[in-house]
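# Descriptive structure summary
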Amino acid sequence: MDSNMHEEWVRVGRTSAFQEYSRKRKAFLIPATIFFLLFFFGLPLLAAFTTVLNGKAVGPLTWAYIYGIAQFFMTWILMHVYVNQANKWDDLVERARHEVAEGEGR
Amino acid sequence: MFGLSDYATAITFFVLIILLTLGITAYASMQNKSTSDHYVAGGKIKGWQNGLAIAGDYLSAASFLGIAGAIALQGFAGFYLSIGFLVAFLVVLLLVAEPLRNLGKYTLADMLTARFNMSSMRSTAAVSTIAISMFYMIAQLVGAGALIKLLLDIPYAYSVIGIGILMTIYIVVGGMVATTYIQITKAVLLIAGSLALTFIVLSNYGFNPFALFNAVESEIGSTALHPPAPSSITQSLDVISLNIALVLGTAGLPHILIRFLTVPDAKTARSSIVWSTWIIGLFYLITPILGYGAALFVGQDAIRAASPEGNLAAPQLASTLGGPILFAFVSAVAFATIIAVVSGLVLAASSAFAHDFYTNVLRNGEASDSEQFRAARIAAIGISVAAIVLALPLQGANVAFLVALAFAVAASANVPVILLTIFWRRFNSTGAVAGMIVGLVSSVGLVILSPLVLGEAAIFPFERGSPALISVPLGFLACYLGTVLGGRGAEREREQGLQTDYDEIYVRSLTGLRPEDIDQEAAQRPRGH
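The structure displayed is predicted, hence computed values, not measured ones. Position numbers for residues start from 1 in each chain and track the written sequence from start to end. Ligands are numbered from 1 and chains lettered from A, in the order in which they are written. Only residues with pLDDT of 70 or above have their local features reported here, since the model is predicted, and side-chain atom pairs are shown and tallied only from 80 upward, although totals for entire chains, interfaces and linings are computed over all residues.

## Digging into the overall build of chain B
So the rule is basically this: In this text, helices come from DSSP runs of H or I with a minimum length of four residues, and strands from runs of E with a minimum of two, each type numbered from the N-terminal end. Counting other C-beta atoms within 10 Å of a residue's C-beta gives its exposure: the residue is buried at 20 or more, exposed at 12 or fewer, and partly exposed in between, where C-beta atoms are placed from the backbone. Residues are defined as contacting one another if the C-beta atoms placed from their backbone atoms lie within 7 Å.
The helix and strand inventory of chain B stands at 24 helices and 0 strands. By residue count, 62% of the 529 residues in chain B fall in the buried class. Long-range pairs, those at least 24 residues apart, make up 83% of the contacts in chain B between residues at least 6 apart in sequence.

Below, the structure is given as structure tokens:
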């Protein structure tokens, strides 16, 4: 049973729908992850080693606060972009399932 | 702090909220029929419910009491906690949540052993889960102790013990269904309380946050509005280390991760993260208003007098601005928060013990449901007692920074192994076990060597004690070295049945298809095709 199942999984992996999903997922996740990690660590790095964020930006608000608040919006926006993408990928998973059922990937 | 009738008000509110949450627990426990219900609420929680429950789990005493206090006393430096705790959700959403849900069953170890079929993997994951939950619980209990001491004027030690007993009752009686509903109730109360405080603070400044910031500048000084200027390399690295722990830690927190196992599919896992990220983000966005409000209206000296690191700033603000009723409400909410979060933690830790260690390691997977249940309950009691004892000497620490240590341990012990299990084809079981042990031992070890525990005699110089800058890379390094130097290589392990083939893991973690999804299709396939 287990080894049979293994073969089934591998067949799902070989379907063109799954390949497309895997490619699209990587193409999104790798740059997105690099982007948000750089964006996130920019704040503590600038704050810990320089004083460029200590000046006033808008009224009494310092650049540090502007950057900090920007992280909130970055998180919400990237989150929704990802969820939109991922909901589309669900169709590819569904297609991969059908392709296996139709005998593809052997 | 107040007259006699105000004490009565405070206590009445307290009792009401405790009865409310206990009532929910009792109601839920009637529906808690199976082992799967106990651990993961039967996998049938809805997206928005789970989102609120995640927010409830996440917005602990650290967020409500600790961050407000840290911003009140340290200004911008406290806001790092808010930012890091939130951005961390991107790591969870993009990298961890769906694969975890797709591979796991009840616990974190289930997900890891989906790939590494070894009892050593399972017991290491159980130990790491228990250690992280314990760190996290200690912080909650420190907050609880301070709060009850302020509210009821009973000694710190008694209040810690009292909370400990209550949380044990919750978990032993209710299981995951109960903690899910408690988290939802409490998340709503906590947000209502914070919004009320924010509203009152801002009403004093014509609802203009800029006016509040101007007042901070003129009354407290502009240093409160920006990060401290770099003074030494150690201090700078300390800041970086804290931020590494904050942003990576969430992806390794067992009590948050098991929340993704309570939803029926990846879509629901996603929608629950969207809900929780909005709620949590909006909450963190108002933390500067709470913190600066406390600094302005209560005064930094009065905050320090009540708790040296500012753990009581938010309740003090409520009492100054809203009198005994608001104070009682906010304190009761904080109290409910702590009980709810601690129950979630005890649950994660006791499940790890009962399911991963007792059932699958000691009993070779052959324990009956009722035996598992009993083991989980006994473990819950043992874990609670241990956390109470460890919380007793830490009364002077800021709870948010204590929680950040739990994040550091999670980031070091769990995150490298989780990420590599999902994404690295060559990863093997030796690397996984080694990475987890090295991450755990180095992070806990550095905390013990830090000023937080050793004081003046500290060997590890970071004032906040956050070890992540060193222990996270060590965790990754151990995963790599363990894989390359030790063991048999992924291919050999697969042949010996110690590891599931990565092609299969990759497909399963990305698709969330269950065996029956494919079997069903296979059954429908026309013959002779």
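## A look at the overall build of chain A
Selection rule: Throughout, radius of gyration means the C-alpha value; the globule benchmark is 2.2 Å times the number of residues raised to the power 0.38.
What chain A contains, in helices and strands, is 3 helices and 2 strands. The N-to-C order of helical and strand elements in chain A reads α-α-β-β-α. For chain A, the C-alpha radius of gyration of 22 Å lies well beyond 13 Å, the compact-globule estimate for 106 residues. Taken over the C-alpha atoms alone, chain A extends approximately 65 × 25 × 20 Å along its principal axes. Put simply, chain A has 106 residues, and 28% of those count as buried. For chain A, contacts bridging at least 24 residues in sequence account for 66% of all contacts bridging at least 6.

## Remarks on the nonpolar core
Residue and element names in this part refer to chain B. So the rule is basically this: Buried Ala, Val, Leu, Ile, Met, Phe, Trp, Tyr and Cys residues form a nonpolar core when they are connected through C-beta atoms within 7 Å.
Counting 215 residues, the largest nonpolar core has Ala314, Ala404 and Val409 as its most contacted members. It is helix H15 (residues 313-362) that contributes the most residues to this core, 29 residues altogether. Excluding residues within four positions of it along the chain, Ala404 makes contact with Leu81, Leu242, Ala245, Leu246 and Ser466.

## Re the confidence of the model for chain B
The test is simple: Every residue carries a pLDDT, the predictor's confidence in it, which falls somewhere between 0 and 100.
Looking at chain B as a whole, the pLDDT averages 82, with 89% of positions reaching at least 70. Confidence scores differ between elements of chain B, with helix H2 (residues 35-40) of chain B showing the lowest mean pLDDT of 54 and helix H13 (residues 287-297) of chain B the highest of 94.

## Observations regarding unusual backbone geometry
Peptide bonds are, in most cases, trans, and in most cases residues other than glycine have a negative phi. Residues and elements named next belong to chain B. The phi dihedral of Phe207 is positive, around 55°, even though this residue is not glycine. Locating Phe207 in the fold gives a position in the loop between helix H8 (156-203) and helix H9 (209-219). Overall, Phe207 belongs to the exposed group, with 11 C-beta atoms counted inside 10 Å.

## Details of the interface of chain B and chain A
It is common to give the size of an interface as the accessible area that goes away when the parts come together. With 49 residues of chain B at the interface, the matching set in chain A holds 50 residues. Sorting the residues of the side of chain B that touches chain A by element identifies helix H5 (76-103), H9, helix H10 (233-249), helix H12 (266-285), helix H23 (502-511) and helix H24 (515-524) of chain B as the ones contributing at least two each. Ranked by residues supplied to the side of chain B that touches chain A, first place goes to H5(B) with 11 residues.

## Here's the deal with the packing of H5(B) against H12(B)
Between two packed helices, both the angle of their axes relative to each other and the distance between the axes serve to describe the pair. Residues and elements named next belong to chain B. Rules: Axis geometry follows a simple rule: fit a line to the C-alpha atoms, using only the stretch in contact for helices, then measure angles between N-to-C directions, giving values from 0 to 180 degrees. Note on terminology: angles under 35 degrees are roughly parallel, angles over 145 are roughly antiparallel, angles of 65 to 115 are roughly perpendicular, and the others are oblique. Side-chain classes follow a simple rule in which Ala, Val, Leu, Ile, Met, Phe, Trp, Tyr, Cys and Pro form the nonpolar group, Asp, Glu, Lys and Arg form the charged group, and the remainder, Gly included, forms the polar group.
Across the interface, H5 lies against H12 with an axial gap of 10 Å and an inter-helix angle of 175°. Judged on the interaxial angle alone, H12 and H5 are roughly antiparallel. Contacts from Ser82, Phe85, Leu86, Phe89, Val92, Leu93, Ala97, Glu98, Arg101 and Asn102 in H5 reach Ala266, Ala269, Ile273, Thr277, Ile280, Gly281 and Tyr284 in H12. Per-class residue counts for the contact of H5 with H12 are 11 nonpolar, 4 polar and 2 charged.

## Looking at the environment of Thr129(B)
Residues and elements named next belong to chain B. With respect to the helices and strands, Thr129 occurs in helix H7 (residues 119-152). A tally of 31 C-beta atoms within 10 Å means that Thr129 is categorised as buried. Between the alpha carbons of Thr129 and Pro254 there is a distance of 6.0 Å; along the sequence they are 125 residues apart. The contacts of Thr129, once residues within four sequence positions are left out, are Leu108, Pro254, Ala348, Ala349 and Ala352.

## Quick notes on the packing of H15(B) against helix H16 (residues 369-391) of chain B
Residues and elements named next belong to chain B. The following threshold applies: The sense of a crossing depends on the near helix, which, turned anticlockwise from the far helix by less than a right angle, makes the crossing left-handed and, turned clockwise, makes it right-handed.
Across the interface, H15 lies against H16 with an axial gap of 8 Å and an inter-helix angle of 130°. When the axes of H15 and H16 are compared, the pair comes out oblique. H16 is crossed by H15, and the crossing has right-handed handedness. Of H16, the residues touching H15 (which contributes Val346, Ala349, Ser350, Ser351, Phe353, Ala354, His355, Tyr358 and Thr359) are Gln372, Ala375, Ala376, Ala379, Ala380, Ile383 and Ser384. Looking at the contact of H15 with H16 residue by residue, the classes come out as 10 nonpolar, 6 polar and no charged.

## Brief notes about the environment of Val201(B)
Residue and element names in this part refer to chain B. Note that Val201 resides in helix H8. Separated by 88 residues in the primary sequence, Val201 and Ile289 have C-alpha atoms spaced 7.3 Å apart. Leaving out residues up to four positions away in the same chain, Val201 has contacts with Leu212, Ile289, Gly293 and Leu321.

## Quick notes on helix H4 (residues 61-74) of chain B
Residues and elements named next belong to chain B. Using the following cut-off: One less than the number of residues in a helix, times 1.5 Å, gives the span that helix is expected to have. The term bend refers to the angle at a residue between two fitted axes, each drawn through seven residues, those ending there and those starting there.
With 14 residues, H4 ought to run about 20 Å at 1.5 Å a step, and its terminal C-alpha atoms sit 18 Å apart, in line with that. Along H4, the largest kink reaches about 25° and is centred on Ile67. Across the 14 residues of H4, 14 count as buried, placing the element largely inside the fold. Remark: Gly75 follows H4 within two positions and exhibits a positive phi of approximately 65°.

## Things to note about the environment of Gln74(B)
All names here are of chain B. With respect to the secondary-structure elements, Gln74 resides in helix H4. Taking the number of C-beta atoms within 10 Å as the measure of exposure, Gln74 has 21 and is therefore buried. For the pair Gln74 and Trp278, spaced 204 residues apart in the sequence, the C-alpha separation amounts to 26 Å.

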